[in-house]
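Structural description and commentary
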Amino acid sequence: MANILSSLISAAGALDAFTQSLDVTQNNVANAQTPGYANQTQLLTAIPFDPSNGSTGGVRAAEVVSSRDQYAEQAVRQQNVLLGQAQQNVTSFTSLQSLFDISGNSGIPLALNNLFTSFSAWGQTPTSTDARQNVIDSATDLANAFQQTATGMAQAAQNNSSQIDQTVVQINQLAGQLAGYNSQAMQDATPDAGLDARINSTLEQLSQYVNFTARQQSDGSVTVLVSGQVPLVMGDKAYTLEDQPVAVDPSSPNPNAPPTMSILASDGTNITSQVTSGQLAALVNLANQVFPQYLGTGNNAGDLNTMAKQFADRVN
């Protein structure tokens, strides 16, 4: 009787193990097209057979192993954050390109060519009233071209600030999603392949916006740190970022300069220097480097204003 019971127990254990294996296989098939899903394998462990010690032998289900390679996932995210930065640069600079038409068919280049042509014509007929008026008209057109370019740059700077707002909101929303997934993972007794897929898919989405490191924890959650230092997601808590414009002092020499931008951590710490890649980094670079170079800062007139003044002084 004991041998029969032992055999039944061993068979029942084996059936349970293979049932779990079939469940894992079924889950793999069902989620084959799920974004971020990684194939899983149910490991089986042999039970020692030793009748003298009551060991009936057989097989039992061990851990479920994911085929996900965290090193490969990190490598993908590192490339994705660079792609996000490059795509944002292309979008932003393409919109600015029309303000500086290198073909000379519009904007400041065309106005400069027309001014030089009018000066040349006036030089050939110094007493001509029409030639002199053409110079005045061309100089006016050039001043208007500088003004239009400055206005276009200012509008682009304003649009860039709005994009920074939207990007920070998107980052915070994804961080909130990850915190929610972490909460589920910490409550689940067994690993959930679908939840793991959603976590990694969200991490990939996040990587286009900002540079971060992600560390898998033993409880199934993931810790996300901006630049490997600033907490963004830890356990079931999300730590939101904030963008803060740095306005120009109205009493400064150039009060109309566009504001620069700071990125703050949830505790108010300025982490702008730690946002080094991704879409957010590209937008912040425009706000803090590109636009100030052309439109100036509170104490600096900027290249566009300087160039306009130099031409005005030279013509006068």
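For the structure given in this document, a descriptive report is provided here.

Rules of the game
Residues numbered from 1 in each chain as written. Predicted model: local features only at pLDDT ≥ 70, side-chain atom pairs only at ≥ 80, totals over all residues. Heavy atoms only, no water. Helix = DSSP H or I, 4+ residues; strand = E, 2+ residues; numbered from the N terminus. Buried < 20%, exposed > 50% of the residue type's maximum accessible area, 1.4 Å probe, protein only. Contact = heavy atoms within 4.5 Å. Areas by Shrake-Rupley, 256 points an atom, 1.4 Å probe, with all protein chains shown as cover. Lys, Arg positive; Asp, Glu negative; His and termini not counted. Charge placed at Lys NZ, Arg CZ, Asp CG, Glu CD. Phe/Tyr/Trp six-rings, centres within 6.5 Å; stacked < 30°, edge-to-face > 60°. Pairing = 2+ DSSP bridges. Axes fitted to C-alpha atoms, helices over the stretch in contact; angles between N-to-C directions. Salt bridge = Lys/Arg side-chain N within 4 Å of Asp/Glu carboxyl O. Polar contact = N/O pair within 3.5 Å; in protein donor to acceptor, adjacent residues only side chain to side chain. Parallel < 35°, antiparallel > 145°, perpendicular 65-115°, else oblique. Left-handed = near helix turned anticlockwise from the far one by under 90°. Nonpolar A, V, L, I, M, F, W, Y, C, P; charged D, E, K, R; others polar.

Comments concerning the overall build of the protein
When helices and strands are tallied, the protein shows 7 helices and 10 strands. The burial tally for the protein puts 37% of its 316 residues in the buried class. When contacts within the protein are restricted to residue pairs at least 6 apart in sequence, those whose partners lie at least 24 apart make up 58%. Entry remark: accessible area of the protein is about 17800 Å², with carbon and sulfur atoms responsible for 52%. For the protein, the separation between the mean place of its 9 positive charges and that of its 23 negative charges on side chains is 5 Å.

Considerations on the packing of aromatic side chains
Inspection of the entire model under this criterion finds 1 aromatic pair. Between phenylalanine 100 and tyrosine 294, the aromatic rings sit 5.3 Å apart at their centres with planes inclined by 40°, giving tilted as the arrangement. Here phenylalanine 100 is found in the loop between α2 (70–97) and α3 (107–124), whereas its partner tyrosine 294 is found in helix α6 (residues 279–295), with 194 residues between them in sequence. When its relative accessible area of 29% is taken as the criterion, tyrosine 294 is described as partly exposed.

Structural notes on the environment of alanine 257
When you line up the elements, alanine 257 lands in the loop between β9 (242–246) and β10 (260–264). Exposure remark for alanine 257: the relative accessible area of 8% places this residue in the buried category. Remark: the alpha-carbon pair of alanine 257 and valine 224, spanning 33 residues in sequence, is separated by 36 Å. When residues no more than four places from it in sequence are discounted, the contact partners of alanine 257 are Val248, Leu295, Gly296, Thr297 and Gly298.

Brief notes about the sheet that holds strand β6 (residues 222–226)
If you walk across this open sheet you meet the 4 strands as β5-β6-β7-β8, and the pairing is antiparallel. Strands with a single pairing partner mark the edges of an open sheet, and in this sheet they are β5 (212–216) and β8 (237–238). When β5 meets β6, the two strands line up antiparallel, connected through 5 bridges. From the neighbouring strand, arginine 215 faces β6, where its bridge partner is threonine 223. Packed onto the sheet, helix α5 (residues 193–207) meets β5, β6 and β7 (230–234) and runs at close to 170° relative to β5.

Brief notes about the pattern of salt bridges
A full pass over the atoms with the stated rule returns 1 salt bridge. Notably, a salt bridge pairs lysine 237 with aspartate 236, separated by 3.4 Å at the nearest N-O pair. Classification of aspartate 236 by relative accessible area gives partly exposed; the value is 40%.

Considerations on the side chain of threonine 202
Structurally, threonine 202 can be placed in helix α5. In terms of polar contacts, threonine 202 uses its side chain to reach the backbone carbonyl oxygen of arginine 198, at 2.7 Å. Excluding anything up to four places from it in sequence, threonine 202 contacts Leu174, Gln177, Leu178 and Tyr181.

A few points about the pairing of β10
The side chains of a regular strand alternate, first on one face of the sheet and then on the other. The element β10 is extensively covered by neighbouring structure, given that 4 of its 5 residues are classed as buried. Taken together, the 5 bridges between β9 and β10 define a ladder with antiparallel strand orientation. Bridged to glutamine 244 within β10 is serine 262.

Focus on the packing of helix α4 (residues 129–187) against α5
Where α4 contacts α5, the axes come no closer than 10 Å and their chain directions differ by 160°. In this view, α4 runs roughly antiparallel relative to α5, as classed from their interaxial angle. Every pair of crossing elements has a handedness; the one defined by α4 and α5 is left-handed. Each of Ile171, Leu174, Gln177, Leu178, Tyr181, Asn182, Gln184 and Ala185 in α4 lies in contact with α5, whose residues at this interface are Leu195, Arg198, Ile199, Thr202, Leu203, Gln205 and Leu206. Partitioning the contact of α4 with α5 into residue classes produces 9 nonpolar, 5 polar and 1 charged.

With respect to the side chain of asparagine 160
Relative to the elements of secondary structure, asparagine 160 occurs in helix α4. What asparagine 160 contacts, discounting residues up to four positions off in sequence, is Leu283, Leu286, Ala287 and Phe291.

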